[in-house]
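# Understanding the architecture of this molecule
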Amino acid sequence: MPAPQDGPLLDDAAGRLIRPYTVSNGRTRPSTGFDLLSLVMATGIEPDIHLGPEHTVALGLCEGPMSVAEIAAHLRLPAVVTKVLLSDLVDCGAVTAHAPAFHDTPTDRSLLEAVLDGLRRQL
């Protein structure tokens, strides 16, 4: 019996009912370049293509900005499969994706040392 929060794609005893490569129709390369930290957000445009259940769930997750890594975690799919699904949604105009913003300045060594010290205190 499917877990109520997971819908028909997952089963408590059997696990994933559909193999990840079937979700992307065997495709392993997205048409859009994504980073795991790329932010994806719905545009409000209704897709003019038929969407599978994973596409629909992914689109619902994108009501606010969400990273590719977060979407993959919610879908319980490998990142590469999630990127293929999201590229389908970008191609039909249903979502937009923006690369994460990186600063041109190198990382501050004192900040990294403070983070390391904090982690050591937690252990």
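Calculation rules
- Residues numbered from 1 in each chain as written.
- Predicted model: local features only at pLDDT ≥ 70, side-chain atom pairs only at ≥ 80, totals over all residues.
- Heavy atoms only, no water.
- Salt bridge = Lys/Arg side-chain N within 4 Å of Asp/Glu carboxyl O.
- Helix = DSSP H or I, 4+ residues; strand = E, 2+ residues; numbered from the N terminus.
- Axes fitted to C-alpha atoms, helices over the stretch in contact; angles between N-to-C directions.
- Parallel < 35°, antiparallel > 145°, perpendicular 65-115°, else oblique.
- Left-handed = near helix turned anticlockwise from the far one by under 90°.
- Contact = heavy atoms within 4.5 Å.
- Nonpolar A, V, L, I, M, F, W, Y, C, P; charged D, E, K, R; others polar.

The name recorded for the protein chain in an unreviewed UniProt entry is Multi-component regulatory system-3, from Streptomyces nanshensis.

On to the pattern of salt bridges, then. On inspection of all chains with the given rule, the structure shows 1 salt bridge. Taking the shortest distance from any N to any O, the salt bridge between Arg-109 and Glu-113 comes out at 2.9 Å. Taken together, the residues Arg-109 and Glu-113, both in helix 5 (residues 109-122) and 4 residues apart, mark about one turn of the helix.

All right, on to the packing of helix 2 (residues 53-61) against helix 3 (residues 68-75) then. Put simply, helix 2 and helix 3 touch, their axes get as near as 10 Å, and they point 130° apart. It follows that helix 2 is oblique to helix 3 by the angle criterion. Note that helix 2 runs across helix 3; the crossing there is right-handed. The residues of helix 3 that touch helix 2, namely those facing Glu-54, Val-57, Ala-58 and Leu-61, are Ile-71, His-74 and Leu-75. Residues that form the contact of helix 2 with helix 3 fall into these classes: 5 nonpolar, 1 polar and 1 charged.

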